[in-house]
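Coordinate inspection notes
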Amino acid sequence: MTNRTEALPGNNKKLSKRIVARWQLYLLLVLPILYLIVFSYVPMGGLVLAFKKYNAAKGIWGSQWVGLDNFRKFFSSYKSITVIKNTLTISLYSLVISFPIPIIFALLLNAMICDKYRKVIQTVTYIPYFISTVVMVGLVFQVLDSRNGLYGSLYHLMTGMPAANILADGRLFKHIYVWSGVWQTTGYSAIIYIAALTGVDQSLHEAAKIDGANRLQRMMYVDIPAILPTASIMLVLAVGNTMNLGYEKVLLMQNDLNLNYSEVISTYVYKVGLASGITNFSLSTAIGVFNSLVNFVLLTLANWVCKRLNGSGIF
Amino acid sequence: MCKVSKIAAFGLASVLVLTSLASCGGSKESGASSQSGEKKLRVGLTTSSMVTDYEDNYFTNYLEEKLGFELEFYMLPADAAETRTKVALMATSNEDLPDVLVVDGHLTNEMILEYGSNGFFMELDDITKDAARMPNYNAIPAEDRKLMDKAQTMADGHMYSLSAWEPETWNLTPNRMFINKAWLDKLGLQPPKTTDELKKVLIAMRDGDPNGNGIKDEIGVYGFSGGGYGENTTAALMNSFVFWNGGGVNGGLALDKDGKTVIAPFVSEEWRDGLRYMNDLYKEGVLSANIFTDDYQTFKALLNQDPQVVGVTTAGSLSNWPDVINNANYAEMLFIEPLKGPKGVQYTPYAEFTPTQELMILSSTDKLDMAVKFADQFFDHDTSIIERYGQEGVDWTREPSVLAEHSNAYIAEGLYDKLSLVITSTVWADNQKQTWRNHGPRYAGLEMGNTTYDFSAGKKFDPEDTSQLFGKNYKMYYDKHPQKVLPALKYTMDEAEQIQDQLTTIPDFVKQSLAEFVTGMRDVDKDWDSYLKMLDDMGLKQWIKNAQTAYDRN
């Protein structure tokens, strides 16, 4: 066996030389980088709006500076505390539930002996991911309808009593939100773990078998360590998205009775920035910046923890 | 072999890069033709997906012939938010601009004020007064023109836009109440006239199993609070206690009895009585919490469930009962007047007709005379008809012999003598190139709207037809509101900014609290003070103060 790292040309040479040697790959990289610059980095300049009073006639750069006024406005609003609290509650709850479930699911699926059955399950759980949010929320409402839905009908069948309207109870909002999310994304999120599990060296399993390990022990000592690096990176990525609660889904699921529990930062930004008759882009941007800052802190924290635990993080 | 794959890789990569670059540069061509032809007026026009051709379009050709010059289009998106963005970008870039904008009412008053006061839109105060320049506009009956002028005047006292005046009565009072007549007959009851009678009727419906299936599945009062067209039954019931427009216009603010003071009806004792009443119905099990949680699909499904389960509902559109003429569930329903409350209050959610702002002239234009002539043409009587209905003789007719053959619901109710127009084609429902689909200013008085008959379906007016409610609605609902109603307010930029937060949060909070009080999540007696305190903390006073200032300026 030759040592692969040494076979690579010029690992210690200058960057430019390395680029020339592998120019095809770098050429392909141009496109994604361009994409990131145009759609992610350039718009970031617009964040200055958070510190300005936006005036369409003067444009983004010509508008007047107002310092931290927009932030002050947000924090003095009666909604800010509710909104921040809801965002954190729902996103952390969502993270705690929907992060481990795909891993457990993938491990169980991997332990299954019948190959055909496994494939069927994988496909079936994977399908909900492709349902659009609007349809998804419609489905949830239909199923949970207290009169004609699956929930209402079953409840009536079992107890003979009319079911309580669970959509009317705001406290249940977060559960409905999170668990319908689990239903929709578990199959999709599990794919990466299933892939990682297929990559596990079979000789390890054989060795473990010879040593007398049972199925559970092999899962504990072979499978889990094998997917741990993947899992930690996925965790960091998931934390990076915590504050970006899918606003479409929340907005669609809102009703008069759950607003106290369902208004999150992203829906509030939408209402302030676009939906109200008087649009205030600056305030929206300021709230968005605050959101990103919180998220940034969470992300750095998660990355640091991951690095501490198993030496692999994203940066 | 290696060489070939290298070349292939380079080729592939460069193709990818090039295509991405090419797609960025594609949109420059549209403006190139603007320099050609000095006799062309450049119109920024909000498009409609149902218009298939704007160049070879009956209305375009008609206008060009009337005006004596050609039109060139600068297409704006059909969507309101996209149009706003596009106009904002125009104002920022100040390049390659059209001469006039026709925006289908997509710009808010605040936007018009902003672009008008900073000189992007031309001020039209003097031009509209000049009968020589705008003969058609000045020919509009003075009473209506005054209202149009008022609607066009922004918070700084100037006019930057021209509007479409096309009042009608059907859409102004959408909370039409229906009660299940079949159930009433079965239980031997009369249609309720007051809130107390309604309660008795509902309880009888709850206990009497009027749909005859042996299960207690009757819903008393049903509706859908998120509905935008009269489906919010709680708003209709609240109006038996205090006038509330439903929260749409001005966030639900109203005028006091004196017709001068702006008040918030949702902090009044009457409001509290209304909450008590609805909470009482809820506790009796005859008002469903589903009103607050159901979406439009569920609402419609429940209305049409077999056997019928709905006793009372409100709805603006009869399309909630599909195929309404043959719909068995609708056949059981009876259209009734708004209910009288214990203090004799009998209102319905109502918002004054507000003309939409349709046309602006850009200050940068060098063809002002043409632009003014173009704008004025829309107020011509025939043009106003053609703009909306299409070509005479093809899409509509005013042939006396045809008019005499038809009637409509207003005439059947004795409100008018005869028709003025019969629609003969389905141009409004079709993809077509006959009109711009009513984009543009317009003048069509109330009488004109009420004396047309839509014969496009080939079905003559039948006075027995229970789905023909226009006339009844006019009689039973149109005047059920206080004499003076708060018009849609126009705030100055400063005022708007001060109450931005209130405008977003208070109307939501009011609706949310209404739901909570009615369903008993909050107690009307115990939690009322904290509700008031909450509104106070949210800045209700400031909002009312600014609304008063804006109203007084009017």
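What counts, and at which threshold
- Residues numbered from 1 in each chain as written.
- Chains lettered and ligands numbered in written order.
- Predicted model: local features only at pLDDT ≥ 70, side-chain atom pairs only at ≥ 80, totals over all residues.
- Helix = DSSP H or I, 4+ residues; strand = E, 2+ residues; numbered from the N terminus.
- Rg over C-alpha atoms; globule rule 2.2 N^0.38 Å.
- Buried ≥ 20, exposed ≤ 12 C-beta atoms within 10 Å, placed from the backbone.
- Contact = placed C-beta atoms within 7 Å.
- Nonpolar A, V, L, I, M, F, W, Y, C, P; charged D, E, K, R; others polar.
- pLDDT = per-residue confidence, 0-100.
- Domains from an automatic or database assignment.
- Pairing = 2+ DSSP bridges.
- Right-handed = clockwise from strand over helix to strand, strands pointing away.
- Core = buried A, V, L, I, M, F, W, Y, C linked by C-beta atoms within 7 Å.
- Axes fitted to C-alpha atoms, helices over the stretch in contact; angles between N-to-C directions.
- Parallel < 35°, antiparallel > 145°, perpendicular 65-115°, else oblique.
- Expected span 1.5 Å × (residues − 1).
- Left-handed = near helix turned anticlockwise from the far one by under 90°.

When helices and strands are tallied, chain A shows 17 helices and two strands. Here the C-alpha radius of gyration of chain A, 25 Å, is well above what a compact globule of 315 residues would show, namely 20 Å. For chain A, the residues scored as buried account for 27% of the 315 residues in total. For chain A, long-range pairs separated by at least 24 residues make up 65% of all intrachain contacts whose partners lie at least 6 apart in sequence.

What follows deals with the overall build of chain B. Helices and strands together make up the secondary structure of chain B, namely 24 helices and 15 strands. In chain B, buried positions account for 44% of the 554 residues. Within chain B, counting contacts between residues at least 6 apart in sequence, those at least 24 apart form 80% of the total.

Further remarks concern the interface of chain A and chain B. Tallying the contact residues gives 30 residues for chain A and 39 residues for chain B. Within the residue set of the side of chain A that touches chain B, elements represented by two or more residues are α3 (23–41), α9 (133–144), α15 (259–262) and α16 (265–275) of chain A. When residues of the side of chain A that touches chain B are assigned to their parent elements, the largest contribution, six residues, is made by α3 of chain A. Of the residues assigned to the side of chain A that touches chain B, the class counts are 16 nonpolar, 10 polar and four charged.

Let's shift gears to the confidence of the model for chain B. Residues and elements named next belong to chain B. Looking at chain B, the pLDDT average stands at 88 and 93% of residues meet or exceed 70. Below pLDDT 50 for its whole length, residues 15–37 participates in eight contacts with residues either more than four positions away or in separate chains. Reported confidences for the modelled complex are a pTM of 0.79 and an ipTM of 0.74.

Taken domain by domain, chain A comprises domain 1 (11–43) and domain 2 (56–129 + 189–310). Using C-alpha coordinates to define each centre, domain 1 of chain A is positioned 29 Å away from domain 2 of chain A.

With that out of the way, let us pick up unusual backbone geometry. Residues and elements named next belong to chain B. With an omega of 0°, the peptide bond running from D306 to P307 counts as cis. Here D96, not a glycine, exhibits a phi torsion of approximately 55°, which is positive. Turning to its location among the elements, D96 is positioned in the loop between α3 (80–93) and β3 (100–102).

Residues and elements named next belong to chain B. Counting buried positions along strand β1 (residues 40–46) gives six out of seven residues, so the element sits mostly inside the fold. Bridge analysis of β1 against strand β2 (residues 70–76) gives seven bridges, and the strand direction is parallel. Bridge pairing links G44 to Y74 in β2. Assessed by its sense of winding, the connection that carries the chain from β1 through helix α2 (residues 58–67) to β2 is right-handed.

Of all residues in chain A, 94% attain a pLDDT of 70 or more, and the chain-wide mean is 85. Predicted confidence for residues 1–7 of chain A stays below pLDDT 50, and this span has two contacts to residues more than four positions away or in other chains.

Here we come to the nonpolar core. Residue and element names in this part refer to chain B. Ranked by size, the top nonpolar core spans 157 residues in total, and within it V100, F121, I361 and A375 carry the most contacts. When residues in this core are grouped by element, the largest group, eight residues, is from helix α22 (residues 500–518). Setting aside chain neighbours within four positions, we find A375 in contact with V100, L162, L359, I361 and P441.

This next bit is on the sheet that holds strand β5 (residues 176–180) of chain B. Residues and elements named next belong to chain B. Spatially, the four strands line up as an open sheet ordered β6-β9-β5-β10, and their pairing is mixed. Both outer strands of the open sheet, β6 (219–222) and β10 (333–336), are each paired with one neighbouring strand and no more. Strand-to-strand twist in this sheet, taken as the mean axis angle between neighbours without regard to direction, amounts to 20°. Relative to strand β9 (residues 310–315), β5 is paired through four bridges, and the arrangement is antiparallel. The partner of M177 across the bridge, within β9, is T314. Sheet contacts for helix α9 (residues 195–208): β6 and β9; angle to β6, the most-contacted strand, approximately 135°.

All right, on to the sheet that holds strand β13 (residues 421–423) of chain B then. Residue and element names in this part refer to chain B. Pairing within the open sheet is mixed, and its three strands lie in the order β12-β13-β15. Strands with a single pairing partner mark the edges of an open sheet, and in this sheet they are β12 (396–397) and β15 (452–454). The sheet contact formed by β12 and β13 spans two bridges and is antiparallel. Considered in β13, the bridge of T397 is made with V422.

It is worth spelling out the packing of helix α11 (residues 269–283) of chain B against α22 of chain B at this point. Residues and elements named next belong to chain B. Interaxial distance between α11 and α22 falls to 8 Å at its minimum, and their mutual angle equals 50°. Judged by the inter-axis angle, α11 sits oblique to α22. Contacts from L275, M278, N279 and Y282 of α11 reach α22 at L514, F517 and V518. Of the residues belonging to the contact of α11 with α22, the class tally is six nonpolar, one polar and no charged.

The next subject is the domain arrangement of chain B. Where interface size is given, it is often the accessible area lost as the parts come together that is meant. As far as domains go, chain B holds domain 1 (37–169 + 352–459) and domain 2 (174–349). Relative to domain 2 of chain B, the C-alpha centre of domain 1 of chain B lies at a distance of 37 Å.

What follows concerns α3 of chain B. Because the α-helix completes a turn every 3.6 residues, residues three or four places apart line up on one side. Residue and element names in this part refer to chain B. Between its terminal C-alpha atoms α3 stretches 20 Å, which fits the 20 Å expected from 14 residues at 1.5 Å a residue. Taken together, the buried positions of α3 are occupied by T83, R84, K86, V87, A88, M90 and A91. Count one or two residues on from α3 and you reach N94, which has phi positive near 55°.

This brings us to the packing of helix α7 (residues 100–111) of chain A against helix α13 (residues 215–240) of chain A. Residues and elements named next belong to chain A. At a minimum axis distance of 11 Å, the contact between α7 and α13 shows a crossing angle of 135°. By the angle class used here, α7 and α13 are oblique. Relative to α13, the crossing made by α7 is right-handed. Contacts between α7 and α13 involve I103, L107, N110 and A111 from the first element and R215, M219, D223 and A231 from the second. A per-class count over the contact of α7 with α13 returns five nonpolar, one polar and two charged.

The subject of this paragraph is the environment of T194 of chain B. Residues and elements named next belong to chain B. Tracing the backbone shows T194 in the loop between α8 (181–187) and α9. Residues T194 and P338, 144 residues apart in the sequence, show an inter-C-alpha distance of 8.5 Å. Not counting the four nearest positions on each side in its chain, T194 is found in contact with L339 and K340.

This part is about the environment of A182 of chain B. Residue and element names in this part refer to chain B. Position of A182 relative to the elements: it lies in helix α8. For A182, a count of 17 C-beta atoms within 10 Å puts it in the partly exposed group. As a C-alpha pair, A182 and N329 span 147 residues in sequence and 9.7 Å in three-dimensional space.

All names here are of chain B. Mapped onto the fold, T234 is located in helix α10 (residues 233–238). Taking the C-beta count within 10 Å as the criterion, T234 has 25 such neighbours and is therefore assigned buried. For T234 and N213, which are 21 residues apart along the polypeptide, the C-alpha to C-alpha distance reads 28 Å. Setting aside residues up to four positions removed in sequence, T234 forms contacts with G223, S225, M278, I291, L514 and V518.

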